[in-house]
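Coordinate inspection notes
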Amino acid sequence: MNRDLTVGKPTGVLWKFCLPLFGSIVFQQLYNIADSWVAGKFIGQNALAAVGNSYEITLIFIAFAFGCNIGCSVIVSQLFGAREYGKMKTAVYTAMLSSAVLCAFLMLVGLFCCDSLLELINTPEAVFADSKRYLDIYVWGLPFVFFYNIATGIFSALGDSKTPFVFLAASSLSNIGMDILFVKAFQMGVAGVAWATFLCQGVSCVLALMVVLLRLRKIPTAENVQLFSTQILKRFAVIAIPSILQQSFISVGNIVIQSVINRFGTDVMAGYSAAVKLNNLVITSFTTLGNGVSNFAAQNIGADKLERVKAGFSAGLKMVWALCVPLVVLYLFCGRLLMGFFLESPTELALDSGIAFLRILSPFYFVVSTKLVADGILRGAGMMRQFMIATFTDLILRVVMAFLLSGTVLGYTGIWCAWPIGWTVATVLSVAFYRGGVWNRKEGPLQAADIGEAVMN
């Protein structure tokens, strides 16, 4: 069901819209958590290390899909808020076609370069074969990843956060069952984990596309709808490319950090692989709630209701901080129990390294969640230059500090300390950019076509 986010009390509207989004991302993360859990419990510690090692490379591909999701979602939100339904449909078709071309290119890169990437991050010989096997299967499923992201971006842009939740819940639960079936019953090892994800994501993608296209057909349009528009492609690129670069460079940065971690051996790799899954569940949840704030901001900017943007930021902060409290307590005091969920008969080093990771990072969830809500507003307003500055500051600091601190007496613990440093500095920048946004200095009507120019002085 489509929902207009430009009417109603901002706090109530945003909470109703974002809660299903949060549920969706929990189930989305079940894909990766299920893969790691099955690999660690039913195959072995090296299999868990292989899946975690491969995961850092898959994040590069996901970065491109996520960027297309954001680009499509923001533009469609703006046009939906402005009631320009013909252009909105053209934006959807343009995003789909351009994303298909990008996906085909990435598949070629993945098929021919995965070996080089695994070598680049110092993948130990003990897990190299399994890492490559997982990646080879994953690359063939990239179209499902891309088009599912496009579909969910459209649903969110139309104010519908419940439909993606239903798809993800069914698909993620099915993935757990398929993982266990392929690994336990069919003895397929790491390949079984990859094929389970491939099949479940494929079914979810096809169903989501069918529903979103039927939904679009029911929206009446007076003007002709084009299958492709160069003008809209440029607007799409203004949002998508910085988002892709952001996610890609973060992924590259994570790969560099993974290469530093790999120097400490498979025990630390396994501990990090388990702990980072728990951390990514939190960060991705914050990011998704930030995306909800982005859709809210984009619809209201398209409708020229800028005063609602500040209310959306305030409501967004309340949501993410309410989520922070139980998670910080859980990660600080229950780290050993959580690590045991992924690792069967783990070494003491694997446990200690993962627990240290969670205890160092979790108190700073209040900080990074603030950044991600502010980033959501910046993306919704098309303030991509500011968004990129804050994001790259975080990335550069984390990579540099990981290298520097890992060479001290802190060892691998020094790598974990790099995250809070990057988060804190970047949060200060994002909040400063938000405070200088156009919603605080409105001088006249702001049309959707002008959003890309709504930047700081």
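Residues numbered from 1 in each chain as written. Predicted model: local features only at pLDDT ≥ 70, side-chain atom pairs only at ≥ 80, totals over all residues. Heavy atoms only, no water.

All right, on to the nonpolar core then. Ranked by internal contacts, the top residues of the largest apolar core, which has 138 residues, are Phe286, Phe357, Tyr365, Ile415, Trp416, Trp419 and Trp439. Per-element tally for this core: the top contributor is helix 9 (residues 266–302), with 18 residues. One finds Ala47, Ile137, Val193 and Phe198 within the second-largest nonpolar core, a separate group that totals 12 residues. (Core = buried A, V, L, I, M, F, W, Y, C linked by side-chain atoms within 4.5 Å. Buried < 20%, exposed > 50% of the residue type's maximum accessible area, 1.4 Å probe, protein only. Helix = DSSP H or I, 4+ residues; strand = E, 2+ residues; numbered from the N terminus.)

So, on to the side chain of Ser353. The topology assignment puts Ser353 in helix 12 (residues 348–361). A polar atom in the side chain of Ser353 sits 3.0 Å from the backbone oxygen of Ala350. In this view, Ser353 contacts Asp267, Val268, Gly271, Tyr272, Tyr412 and Trp416; residues no more than four positions away in its chain are not counted. (Polar contact = N/O pair within 3.5 Å; in protein donor to acceptor, adjacent residues only side chain to side chain. Contact = heavy atoms within 4.5 Å.)

Moving on, we get to helix 2 (residues 45–81). Note on helix geometry: an α-helix contains 3.6 residues per turn, so any two residues three or four positions apart are oriented the same way. Given a rise of 1.5 Å per residue, 37 residues ought to cover 54 Å, and the 50 Å separating the end C-alpha atoms of helix 2 matches this to within 8%. When the local axis directions of helix 2 are compared, the greatest deviation, roughly 30°, occurs at Glu56. Of all 37 residues in helix 2, 35 are buried; the element is thus mostly enclosed. (Expected span 1.5 Å × (residues − 1). Bend = angle between axes of the 7 residues up to and from the residue.)

Tallied over the entire structure, the rule returns 0 disulfides. Cys68 supplies the cysteine sulfur nearest to Cys72, a cysteine that is in no disulfide, at a spacing of 8.8 Å. (Disulfide = S-S within 2.5 Å.)

Further remarks concern helix 12. Between the first and last C-alpha of helix 12 there are 20 Å, a value that for 14 residues agrees with the 20 Å anticipated at 1.5 Å per step. Every buried residue of helix 12 is accounted for by Ala350, Leu351, Ser353, Gly354, Ile355, Ala356, Phe357, Leu358 and Leu361. The elements touched by buried residues of helix 12 are helix 2, helix 9, helix 10 (307–333), helix 11 (335–342), helix 13 (365–380) and helix 15 (412–435).

Our next topic: the packing of aromatic side chains. Within the structure shown, the criterion is met by 17 aromatic pairs. Taken together, a centroid distance of 5.4 Å and an interplanar angle of 70° make the contact between Phe144 and Phe198 edge-to-face. In this pair, Phe144 is assigned in helix 5 (residues 142–157) and Phe198 in helix 7 (residues 189–217), connecting sequence segments 54 residues apart. We classify Phe144 as partly exposed; its relative accessible area is 24%. (Phe/Tyr/Trp six-rings, centres within 6.5 Å; stacked < 30°, edge-to-face > 60°.)

Taken residue by residue, the chain gives an average pLDDT of 85. The fraction at 70 or more is 94%. In this model, residues 442–457 is a region of pLDDT below 50 whose contacts with residues beyond four sequence positions or in other chains number 37 contacts. (pLDDT = per-residue confidence, 0-100.)

Right, let's talk about the pattern of salt bridges for a bit. Following the criterion strictly, the structure yields 9 salt bridges and no others. The partner of Lys132 in a salt bridge is Asp115, with the nearest N and O atoms 3.7 Å apart. Of the two residues, Lys132 is situated in helix 4 (residues 125–140) and Asp115 in helix 3 (residues 85–120); the sequence distance between them amounts to 17 residues. Judged by its relative accessible area of 31%, Asp115 falls in the partly exposed class. With its nearest N and O atoms 2.5 Å apart, the salt bridge here joins Lys371 to Asp375. Of this pair, Lys371 and Asp375 both sit in helix 13, 4 residues apart, roughly one helical turn. On the basis of relative accessible area, Lys371 is assigned to the buried category, the value being 4%. Among the charged side chains, a network of salt bridges with common partners joins Asp115, Lys132 and Asp136. (Salt bridge = Lys/Arg side-chain N within 4 Å of Asp/Glu carboxyl O.)

On to the packing of helix 5 against helix 7, then. The geometry of a pair of packed helices is captured by two quantities: the angle between their axes and the separation between those axes. At a closest axis distance of 8 Å, the pairing of helix 5 and helix 7 adopts a crossing angle of 35°. As for how helix 5 packs across helix 7, the hand of that crossing is left-handed. Across the interface between the two elements, Pro143, Phe144, Val145, Phe147, Tyr148, Ala151, Ile154 and Phe155 of helix 5 pack against Phe198, Gln201, Gly202, Ser204, Cys205, Ala208, Leu209, Val211, Val212 and Arg215 of helix 7. Looking at side-chain class alone, the contact of helix 5 with helix 7 contains 14 nonpolar, 3 polar and 1 charged residues. (Axes fitted to C-alpha atoms, helices over the stretch in contact; angles between N-to-C directions. Left-handed = near helix turned anticlockwise from the far one by under 90°. Nonpolar A, V, L, I, M, F, W, Y, C, P; charged D, E, K, R; others polar.)

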